[in-house]
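Chain residues, written in single-letter form:
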Amino acid sequence: MKNHDSIQNFIFESLPIRGEIVHLNASFQQIMDQHQYPPLIRRWLGEALVLVALLSTLIKFNGKLAIQFQGKGKLKLLLVQCTNALELRGLAQWEGELTEAEILASLQQGTIVITIDPENAKQRYQGIVAWQGQTLSESIEGYFQTSEQLPTRIWVVVDETSASGFLLQRMPETELRRESSLDHDWEHINYLTSTLTEHELTNLDHRTLLHRLYVEEDVRLFEAKSVAFKCSCSEQRGARAILTLGKQEAEEELLGKGKLVVKCEFCNYEYIYDSVDVATIFHNGDNYSSSGQIH
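Residues numbered from 1 in each chain as written. Predicted model: local features only at pLDDT ≥ 70, side-chain atom pairs only at ≥ 80, totals over all residues. Heavy atoms only, no water.

Participant: I'd like to hear about the side chain of Thr-83, residue by residue, with values.
Facilitator: The residue Thr-83 is located in strand E4 (residues 75-83) in this model. Ignoring sequence-local partners within four residues, the contact set of Thr-83 consists of Ser-56, Phe-61, Gly-63 and Lys-64. (Helix = DSSP H or I, 4+ residues; strand = E, 2+ residues; numbered from the N terminus. Contact = heavy atoms within 4.5 Å.)

Shown next, in the form of structure tokens:
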């Protein structure tokens, strides 16, 4: 049985190594269908979605985790977000036709940030990810190595209809095992995992995949968790955008068009406000009560 739109953790019973496998199918297609992404953007955005899903079960938090790239080259923005409930969304912004070399150049010259926004908390965590290698995955591997001192390996496959990922991470050292033994174990498991093919990662169910890779190892596979696309936009968030716009500018827009339209960049949903709505928004401020039109 294939594990569509799910993520599943596993550990080695006798080794200080853990892992995760993620498959994005319907969620991947829903996100890609929001915009007319060219094939190269689909691949890079798909990789970012896999990474944010993997990190969302690897890092303990209650709220929203994001991986964001911003740059001044042709690739302007990659932004993916995942909640602790594994609700996923993402978007990309670019200009003109792109080549692989131009995307790499943009990524190498821009900034990649991991952000954790806790629920009901003012303090957020941000970590800068240094660009390494030729992929986002290699850069995230380097982040864990330098920032957390946790050796990590990530494999990602993105095709036309799905995105899949496989993560290995060495857990903190214990007094029960010597450093040389830990190094040997880590290298051994990495060697076995390096035989993983794109077809296997994309098509095999998780249990079969782990058995094929680690036939002589005792691996415990935990219960799968569902991953789904869900946008957090709402009529009330649109109202906050109008407040930010300011009363004078909002009223000028109404005079010219008869309505205000706030469009979600993630899912393309449009929230429409007439003159009565706008008057209510500026009268009530942050206490604006939506009419229930929530996407």
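Participant: Help me get a handle on helix H7 (residues 206-213), residues and values and all.
Facilitator: What H7 keeps buried is the set His-206, Leu-209, Leu-210 and Leu-213. Relative to the axis of H7, the buried residues are bounded by an arc of 95 degrees and lie together on one face. In H7, the exposed positions that point more than 90 degrees away from the buried face belong to Arg-207 and His-211. (Buried < 20%, exposed > 50% of the residue type's maximum accessible area, 1.4 Å probe, protein only. Arc of directions from axis to C-beta.)

Participant: Can you tell me about the packing of aromatic side chains, naming the residues and giving the values?
Facilitator: Within this structure, the stated rule accounts for 7 aromatic pairs. Note on Phe-10 and Phe-12: the rings are 6.0 Å apart at their centroids and 75 degrees apart in plane angle, and the pair reads as edge-to-face. In this pair, the class of Phe-10 matches that of Phe-12, namely buried. Each ring, one from Phe-10 and one from Phe-166, has its centre 5.6 Å from the other, and the planes form 50 degrees; the classification is tilted. (Phe/Tyr/Trp six-rings, centres within 6.5 Å; stacked < 30°, edge-to-face > 60°.)

Participant: Break down the nonpolar core for me, citing the residues and quoting the values.
Facilitator: As a rule of thumb, soluble globular proteins bury nonpolar side chains together. Formed by 67 residues in total, the largest nonpolar core has its most connected members in Leu-24, Leu-45, Leu-49, Ile-67, Leu-136 and Ile-140. Counting residues per element, this core draws most heavily on helix H2 (residues 39-58), which supplies 12 residues. Ignoring anything within four residues of it in the chain, the contact list for Ile-140 reads Leu-51, Leu-55, Ile-67, Ile-114, Val-129 and Ile-154. Among the nonpolar cores identified, the runner-up in size contains 20 residues, and Ile-21, Val-157, Leu-201 and Leu-213 belong to it. (Core = buried A, V, L, I, M, F, W, Y, C linked by side-chain atoms within 4.5 Å.)

Participant: Break down the pattern of salt bridges for me, with residues and values.
Facilitator: This model, assessed by the stated rule, comprises 10 salt bridges. In this structure, Glu-200 and Arg-212 form a salt bridge, with 3.4 Å as the shortest nitrogen-oxygen distance. Within this pair, whereas Glu-200 is found in helix H6 (residues 198-203), its partner Arg-212 is found in helix H7, the two being separated by 12 residues in sequence. Judged by relative accessible area, Glu-200 falls into the buried class, the value being 12%. A salt bridge links Lys-257 to Glu-253, with the shortest nitrogen-to-oxygen separation between them at 3.1 Å. Separated by 4 residues within a single helix, Lys-257 and Glu-253 lie in helix H9 (residues 247-257), roughly one turn from each other. (Salt bridge = Lys/Arg side-chain N within 4 Å of Asp/Glu carboxyl O.)

Participant: How would you sum up unusual backbone geometry? Please name residues and give values.
Facilitator: Glycine aside, negative phi is the norm for most residues, and most peptide bonds take the trans geometry. You will see that Leu-86, though not glycine, has its phi angle at about 65 degrees, which is positive. Summarising the element assignment, Leu-86 is placed in the loop between E4 and strand E5 (87-94). Owing to a relative accessible area of 4%, Leu-86 belongs among the buried residues under this scheme. Located in the positive-phi region is Gln-149, a residue other than glycine, with phi close to 55 degrees. For Gln-149, the location among the structural elements is in the loop between helix H4 (136-147) and strand E8 (152-158).

Participant: Please set out the environment of Val-219 residue by residue, giving values where relevant.
Facilitator: Structurally, Val-219 can be placed in strand E10 (residues 219-221). Overall, the relative accessible area of 23% leaves Val-219 in the partly exposed class. Here the alpha-carbon distance between Val-219 and Arg-18, two residues 201 residues apart in the chain, equals 9.4 Å. With near-sequence residues (within four places) excluded, Val-219 lies in contact with Phe-10, Ile-11, Phe-12, Leu-210 and Tyr-214.

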